[in-house]
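Report on the structure
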Amino acid sequence: MSAKLTIYVARHGKTLMNTLDKVQGWCDSPLTHEGIEVARYLGYGLSDIEFRTAYCSDLRRTRQTVQIILGAKGQDDIPVIELAGLREACFGSFEADFNHKMWNSAALYLHYTSLEEMYQDILAKKISYGDVLDAVKKLDKLGMAEGFMQVEARTQESLKEIAENEIQYGDGNILIVSHGMSILSMLLGLGGDKLFNKPLENAAVCKVTYQGGEFTIESMGDMSYVEKGRKQA
């Protein structure tokens, strides 16, 4: 039997810009008290899982989150590797603007009369997050925003790089801390679309296995680790 990796892909804790309801792609802000708390709960909830290595993007909200998770579970001595390919989608001229302005603009572009109607169709899988991200790219006045395929390509490349690097050391558990849209872009096309039925909350976990050169998505947007950790706190 070939070696098997179990990869836990978590979204970062809540940040200042999340709290202000601002668009936060390549823009960055620190975790709030609530964000620190939920990252700590996640660390407690993952306490019975021994990680060999941890990875995060090169944005500080993921660095801060991974440090808190590892500290809470008593594993702050393991390697933490930053990969730019794990960073959030770039939203171009919408960066640091209000979320509702960007998503409403995308909804109108896609011929929806309301944001809620568009969200319902995303969850009903009538349209995809890819359609919405591509709409944002087309509406971006600076020409900097990334389309879905761009984000999917770089995040999946990073995931593959991590898997191929780690599998040579045999079975193991790996932690990745990344961002909402980048996690969806990474995992939906690998089978995550079949399990995805709600938005990714801060500190939500997606579980992925890698064996024999193949990825299998086991779960998407799992908050049970946070709930478990909250009870232990």
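Whatever comes next refers back to the structure up there.
Notes on the structure in this doc start here. Computed from a predicted model, the values in this text were never measured in an experiment.

**Considering the packing of aromatic side chains**
When we look at a pair of aromatic rings, we describe it by the centre distance and by the angle of the planes. Going through the model one piece at a time under the given rule, you end up with five aromatic pairs. Judged by centre distance (6.2 Å) and plane angle (80°), the rings of Phe91 and Trp103 are edge-to-face. Residue Phe91 is located in the loop between strand S3 (80-82) and helix H4 (99-109), and its partner Trp103 is located in helix H4; the two are separated by 12 residues in the primary sequence. One exposure class covers both Phe91 and Trp103, and it is buried. Following the ring pairs from residue to residue traces out a cluster consisting of Tyr8, Phe51 and Tyr225. Here Lys22 stacks its cationic end above the ring of Phe98, 4.9 Å away from the centre of that ring. Here the guanidinium or amino end of Arg87 rests over the ring plane of Trp26, the centre of that ring lying 4.6 Å away.

**What to know about the sheet that holds strand S6 (residues 214-222)**
Pairing is mixed in the open sheet, where six strands are placed in the order S3-S2-S4-S1-S5-S6. Each edge of the open sheet carries a strand with a single partner, namely S3 and S6. Averaged over all pairs of adjacent strands, the angle between their axes in this sheet comes to 20°, without regard to strand direction. Both strand S1 (residues 4-11) and strand S4 (residues 172-178) contribute to a ladder of seven bridges, which runs parallel.

**Some details on the pairing of S6**
Bridge count for strand S5 (residues 205-211) against S6 is six bridges, and the pairing is antiparallel. Looking at the pairing, Gln211 lines up with Glu214 of S6. Counting the residues between successive antiparallel strands, the hairpin from S5 to S6 contains two residues, one of them, Gly212, with a positive phi of roughly 60°.

**Some thoughts on helix H3 (residues 60-72)**
The terminal C-alpha atoms of H3 lie 18 Å apart, and with 13 residues this matches the ideal 18 Å at 1.5 Å per residue to within 8%. Turning to H3, its buried residues are Arg61, Thr62, Thr65, Val66, Ile68, Ile69 and Leu70. Looking one or two places after H3, you find Gly74, whose phi comes out positive at around 70°.

**A few points about unusual backbone geometry**
With a phi close to 70°, His111 is a non-glycine residue in the positive phi region. Within the element layout of this structure, His111 appears in the loop between H4 and helix H5 (115-123). With relative accessibility at 73%, the residue His111 sits in the exposed group. With phi around 75°, Ala203 is a residue other than glycine that occupies positive phi space. Along the chain, Ala203 turns up in the loop between helix H8 (180-187) and S5.

**Side note on the pattern of salt bridges**
Considering all chains together, one arrives at nine salt bridges under this definition. A salt bridge links Lys14 to Glu34; its shortest N-O distance comes to 3.6 Å. Within this pair, whereas Lys14 is found in the loop between S1 and helix H1 (16-19), its partner Glu34 is found in helix H2 (residues 33-45), the two being separated by 20 residues in sequence. A residue is classified by how much of its surface remains accessible, and Lys14, at 22% relative accessible area, is partly exposed. Among the residues examined, Glu34 registers a relative accessible area of 47% and is labelled partly exposed. With a closest N to O distance of 3.3 Å, Lys228 and Asp48 form a salt bridge. Placement of Lys228 in helix H9 (residues 224-232) and of Asp48 in the loop between H2 and strand S2 (51-56) is noted, with a sequence separation of 180 residues between them. The partly exposed category is assigned to Lys228, whose relative accessible area is 33%. By relative accessible area, Asp48 is classed as exposed at 58%.

Rules used in this analysis
Positions within a chain are numbered from 1, following the residues in the order the chain's sequence is written. Side-chain atom pairs in this predicted model are given and counted only at pLDDT of 80 or more, local residue features only at pLDDT of at least 70, and totals for whole chains, interfaces and linings cover all residues. Excluding hydrogens and water, the side-chain values take into account all heavy atoms of the structure. Here a Phe, Tyr or Trp ring, Trp counted by its six-membered ring, pairs with any other such ring whose centre lies within 6.5 Å, and the pair is stacked when the planes are under 30 degrees apart, edge-to-face when over 60, and tilted otherwise. The numbering of helices and of strands both runs from the N terminus, where a helix is a DSSP run of H or I of at least 4 residues and a strand a run of E of at least 2. Under the scheme applied here, a residue whose accessible area is under 20% of the maximum for its type counts as buried, over 50% as exposed, and between as partly exposed, the area being computed with a 1.4 Å probe on protein chains only. Note on geometry: a ring has a charge over it if NZ (lysine) or CZ (arginine) is within 6 Å of the ring centre and within 35 degrees of the ring normal. Two strands pair if DSSP finds at least two bridges between them. Where helices are involved, their axes are fitted lines through C-alpha atoms of the stretch in contact, as for all axes, and angles between N-to-C directions lie from 0 to 180°. Any helix carries an expected span of 1.5 Å times its number of residues minus one. Any carboxyl oxygen of Asp or Glu within 4 Å of a side-chain nitrogen of Lys or Arg constitutes a salt bridge here.

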